[in-house]
Amino acid sequence: MSRIEKALEKAAQLRNTTTTVVEQITNYPENSNYSSQTVSRTLDIKPSSRLLTTIIDPHSPVSEQYRKLKTHLVKLTQKDGFQNILMVTSTVSREGKSITALNLAISLAQEFDHTVLLVDADLRRPSIHQYLEFEPEIGLSDCLLDGIDIGEAIVRTGIGKLSVIPAGKEVPNPLELFSSKKMQDLVKEMKHRYHDRYVIFDTPPLLPFAETRSLGHLVDGIVFVVKEGEASQADIREAIDAVKGCRILGVVLNESSDSVDDNRYGEYSYYMNYAKDKAAASS
Ligand SMILES: Nc1ncnc2c1ncn2[C@@H]1O[C@H](COP(=O)(O)OP(=O)(O)O)[C@@H](O)[C@H]1O
Ligand SMILES: [Mg+2]
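So, how was this worked out
- Residues numbered from 1 in each chain as written.
- Chains lettered and ligands numbered in written order.
- Predicted model: local features only at pLDDT ≥ 70, side-chain atom pairs only at ≥ 80, totals over all residues.
- Helix = DSSP H or I, 4+ residues; strand = E, 2+ residues; numbered from the N terminus.
- Buried ≥ 20, exposed ≤ 12 C-beta atoms within 10 Å, placed from the backbone.
- Contact = placed C-beta atoms within 7 Å.
- pLDDT = per-residue confidence, 0-100.
- Core = buried A, V, L, I, M, F, W, Y, C linked by C-beta atoms within 7 Å.
- Pairing = 2+ DSSP bridges.
- Right-handed = clockwise from strand over helix to strand, strands pointing away.
- Axes fitted to C-alpha atoms, helices over the stretch in contact; angles between N-to-C directions.
- Parallel < 35°, antiparallel > 145°, perpendicular 65-115°, else oblique.
- Nonpolar A, V, L, I, M, F, W, Y, C, P; charged D, E, K, R; others polar.
- Expected span 1.5 Å × (residues − 1).
- Arc of directions from axis to C-beta.

Helix and strand counts for the protein stand at 13 helices and 9 strands. Burial status across the protein gives 45% buried among its 283 residues. By sequence separation, contacts in the protein at least 24 residues apart represent 80% of the contacts at least 6 residues apart.

Next comes the structure, spelled out in structure tokens:
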């Protein structure tokens, strides 16, 4: 059994565990104190990165894989009430978290009648604004630190009904910020205020940075990205253990050498292989 297969098996075993924090989130009081009069930014973003395949090449096999991922997630998150707060993470950096979060959010926004809100929660290496090619202004850290209303940080992208919240200003200690009560309150507020839409957090990797673990306990479900050949088996195991008790919804096998049609792992994994797409396109 390869190390990726072992990681997937482990993730599958953990998949049915649910955190009790979800209970607390759904009990958020009806009369919260936020203002409904907020001004969000509206842009008309036309990104050019080929990595945003769901926009650039929506009919490619990789785009099809993202749509499959979306369909499974929708099924998994609408069983017992709407579990709308999701997070995308991985073991180490550069495994494709941000690309997965973006393409997943775009697939959802293209199809759904509701807005999808993508939050750049990687305060150490924010990249959502870079992939989407816009200049960020107010962001997540500004809301947390300066009490700015989250509605003011929202950027409407003009890509379907996709809205994003950029990371915001640099902070010296993201771990402290993410484990604060402010962060808990903010996620609860999002859960309550945006109850009819998906909110997807793009996060730092699990192993090097502890803030992602805290966030894992605040969200309803986790999409776990594994880039083939990047993290060791022991590290993948440690990363999955770090979010024990949280609900892992599925594993995305990114930049895999397997065929995109290979269905060995059933609904737990999705193959994102741009190189294969490219080869298929030029043959
Ligand atoms: N499926 C893929 N195919 C080809 N290259 C990819 C793919 N996913 C990620 N990459 C490459 O890896 C880089 C890092 O991806 P990113 O999503 O920013 O990683 P992370 O958020 O995990 O740090 C991308 O800029 C791109 O060059
Ligand atoms: Mg990233």
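Attention now moves to unusual backbone geometry. Within the chain, arginine 94 stands out as a residue other than glycine whose phi angle is a positive 60°. Counting through the fold element by element, arginine 94 comes out in the loop between strand 2 (85-90) and helix 5 (97-111). Given 12 C-beta atoms within 10 Å, arginine 94 falls into the exposed group. One non-glycine residue, glutamate 133, adopts positive backbone phi at about 60°. Positionally, glutamate 133 belongs in the loop between helix 6 (128-132) and helix 7 (140-146).

With that out of the way, let us pick up the confidence of the model for the protein. On average, residues of the protein score 82 in pLDDT, and 77% of them reach the 70 mark or higher. Across residues 14-36, where pLDDT falls below 50, the model places 28 contacts with residues more than four positions away in sequence or in other chains. When the criterion is pLDDT under 50, residues 275-283 qualifies, and its contacts beyond four places in sequence or with other chains add up to 5 contacts.

Looking now at the nonpolar core. Ala105, Val116, Leu118, Val119, Ile200 and Ile222 are the most contacted members of the largest nonpolar core, which totals 67 residues. Per element, the largest residue contribution to this core is 8 residues, and it comes from helix 5. Residues in contact with isoleucine 200, not counting those within four places in the same chain, are Leu86, Val88, Ala101, Leu104, Ala105, Val116, Leu118 and Val119.

Let us now look at the pairing of strand 8 (residues 248-254). A regular strand places its side chains on the two faces of the sheet in alternate fashion. The buried fraction of strand 8 is high, at 7 of 7 residues. Relative to strand 8, strand 7 (residues 221-227) runs parallel, the two being bridged by 6 bridges. Directly across from isoleucine 222, in strand 8, lies its bridge partner isoleucine 248. The parallel pair strand 7 and strand 8, bridged by helix 12 (residues 233-242), forms a crossover whose chirality is right-handed.

All right, on to the packing of helix 4 (residues 61-77) against helix 5 then. Contact pair helix 4 / helix 5: the axes reach a minimum separation of 9 Å and the direction vectors enclose 70°. By the angle between their axes, helix 4 is roughly perpendicular relative to helix 5. Between helix 4, through Tyr66, Arg67, Leu69 and Lys70, and helix 5, the contact on the second element is made entirely by Asn103, Leu104, Ser107 and Leu108. Residues of the contact of helix 4 with helix 5, tallied by class, amount to 4 nonpolar, 2 polar and 2 charged.

Let us look at helix 4. When the terminal C-alpha atoms of helix 4 are compared, their 24 Å separation across 17 residues agrees well with the 24 Å that a helix rising 1.5 Å per residue should span. What helix 4 keeps buried is the set Val62, Ser63, Gln65, Tyr66, Leu69, Lys70 and Leu73. Projected down its long axis, helix 4 carries its buried residues within an arc of 155°, all on one side.

Before going further, it helps to examine the pairing of strand 7. Counting buried positions along strand 7 yields 7 of 7 residues, so the element is predominantly enclosed. Side chains Gly221, Val223, Val225 and Lys227 project from strand 7 onto one buried face, and the interleaved Ile222, Phe224 and Val226 project onto a second face that is buried too. Across 5 bridges, strand 2 lies against strand 7 in parallel orientation. In the strand pairing of strand 7, serine 90 is matched with valine 225.

Below, the discussion takes up the environment of glutamate 255. Note on placement: glutamate 255 falls in the loop between strand 8 and strand 9 (269-272). Here glutamate 255 falls in the partly exposed class, since 19 other C-beta atoms lie within 10 Å of it.

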